[in-house]
Amino acid sequence: MNTFSAIGEPDWSKGEGMLPVVVQDVQTLEVLMLGYMNNEALQQTLRESKVTFFSRSKNRLWTKGESSGNFLLLKDLRLDCDRDTILIKAQPIGPTCHTGNRSCFDTPYNQNFIFELERIVADRYEHPSESSYVNKLRQKGLNKIAQKVGEEGVETVIAALAETDEDFLNEASDLVFHLSVLLREKGRSWNDLALNLEKRHR
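Rules used throughout
Residues numbered from 1 in each chain as written. Predicted model: local features only at pLDDT ≥ 70, side-chain atom pairs only at ≥ 80, totals over all residues. Heavy atoms only, no water. UniProt positions renumbered as here; feature names shortened; annotations may be inferred. Helix = DSSP H or I, 4+ residues; strand = E, 2+ residues; numbered from the N terminus. Phe/Tyr/Trp six-rings, centres within 6.5 Å; stacked < 30°, edge-to-face > 60°. Lys NZ or Arg CZ within 6 Å of the ring centre and 35° of its normal. Expected span 1.5 Å × (residues − 1). Buried < 20%, exposed > 50% of the residue type's maximum accessible area, 1.4 Å probe, protein only. Contact = heavy atoms within 4.5 Å. Core = buried A, V, L, I, M, F, W, Y, C linked by side-chain atoms within 4.5 Å. Polar contact = N/O pair within 3.5 Å; in protein donor to acceptor, adjacent residues only side chain to side chain. Arc of directions from axis to C-beta. Salt bridge = Lys/Arg side-chain N within 4 Å of Asp/Glu carboxyl O.

Within an unreviewed UniProt entry, the label attached to the protein chain reads Histidine biosynthesis bifunctional protein HisIE, and the organism entered is Pedobacter yulinensis. Looking at the Subcellular location (unreviewed entry) heading of the UniProt record, one finds this comment for the protein chain: "Cytoplasm".

Here is the structure:
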């Protein structure tokens, strides 16, 4: 069965059976790491939906997270135009780098923190605790969550018109936070908003 019927087969001959793999965070698009795959590693990745490389130092297949539990869950896979480099978009479970950093490239904290915020809110939903503000807000129901978005929206407008830039940024941040909770409560995501905005732009 041709796994790459839509995008073509990798050209394994160019890398003598081994091709570089760039891994990006599926939400933030931050580059997390670079690895190498042979066909066997690629097929295992597709079969198990956990990114698996061929480790040149261990001389064997190596599933990222097999010892740490910090897996990379496969979400999308593409080939470049020459079919000799693989791009993977993955959902990281925990830090990617063995140093404990989010990325092996030690880049500054991702500028798409809004997606990290979305993850944090989702985690509060999935693992509620009594001390969590998100959990307390959730227990009050959809009406209260929506009301908070409205309140923060008004406070953002007031800060923009009559308060300092710092006040404005703080109120706008509160608005985005509460909107993140509302999106989660409604079963939607920032990605849904981005796709809708893109559709409306067309």
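Draft legend 1. Looking closely at the UniProt feature "domain: Phosphoribosyl-AMP cyclohydrolase" (unreviewed entry) in the protein chain. When the UniProt feature table is mapped onto this chain, "domain: Phosphoribosyl-AMP cyclohydrolase" (unreviewed entry) is found at residues 33-105. Between the end C-alpha atoms of residues 33-105 the distance is 7 Å, and the span holds 14% helix and 38% strand.

Draft legend 2. A look at the packing of aromatic side chains. Going through the model one piece at a time under the given rule, you end up with two aromatic pairs. In this arrangement the basic side chain of Lys50 is found over the ring face of Phe71, its NZ or CZ atom lying 4.0 Å from the centre.

Draft legend 3. Up close: helix α2 (residues 113-126). For α2, with 14 residues, the first-to-last C-alpha span of 20 Å sits near the 20 Å given by 1.5 Å per residue. Taken residue by residue, α2 has Phe115, Glu116, Leu117, Glu118, Val121, Ala122 and Tyr125 as its buried positions. On its buried side, α2 packs onto α3 (133-139), α4 (142-162), α5 (165-185) and α6 (190-201).

Draft legend 4. Structural detail: the nonpolar core. Among the nonpolar cores identified, the biggest contains 20 residues, and Val23, Met37, Ile86 and Ile88 are the most heavily contacted of them. Sort the elements by how many residues they give to this core and strand β5 (residues 72-79) lands first, with four residues. For Ile86, the contacting residues outside a window of four places in its chain are Trp12, Pro20, Val21, Val22, Met37, Leu42, Leu77, Arg78 and Leu79. By size, the runner-up hydrophobic cluster in this structure holds nine residues, among which are Val121, Tyr125, Leu137 and Ile145.

Draft legend 5. Just the side chain of Thr63, in detail. Counting through the fold element by element, Thr63 comes out in strand β4 (residues 60-63). Looking at Thr63, the relative accessible area reads 11%, which means it is buried. Here the side chain of Thr63 touches Gln44 through a polar contact of 3.3 Å, side chain to side chain. In this structure, Thr63 is in contact with Gln44, Lys50, Val51, Thr52 and Phe71, ignoring residues within four places of it in sequence.

Draft legend 6. Examining α4 more closely. Here α4 spans 30 Å end to end across 21 residues, near enough to the 30 Å set by a 1.5 Å rise per residue. Taken together, the buried positions of α4 are occupied by Ile145, Lys148, Val149, Glu152, Thr156 and Ala159. An end-on view of α4 places all buried positions within 100° of arc, on one side of the element. Along α4, exposed side chains directed more than 90 degrees from the buried face belong to Asn143, Val154, Leu161 and Ala162. Contact partners of the buried residues in α4: α2, α3 and α5.

Draft legend 7. Broad picture of the pattern of salt bridges. Under the counting rule described, the total for this entry stands at 10 salt bridges. The shortest N-O distance in the salt bridge between Arg60 and Glu66 comes to 2.9 Å. Take Glu66: its relative accessible area is 40%, and that puts it in the partly exposed class. Here Arg78 and Asp76 are joined by a salt bridge, their closest N and O atoms 3.2 Å apart. Judged by relative accessible area, Arg78 falls into the partly exposed class, the value being 43%. You can call Asp76 partly exposed: its relative accessible area is 24%.

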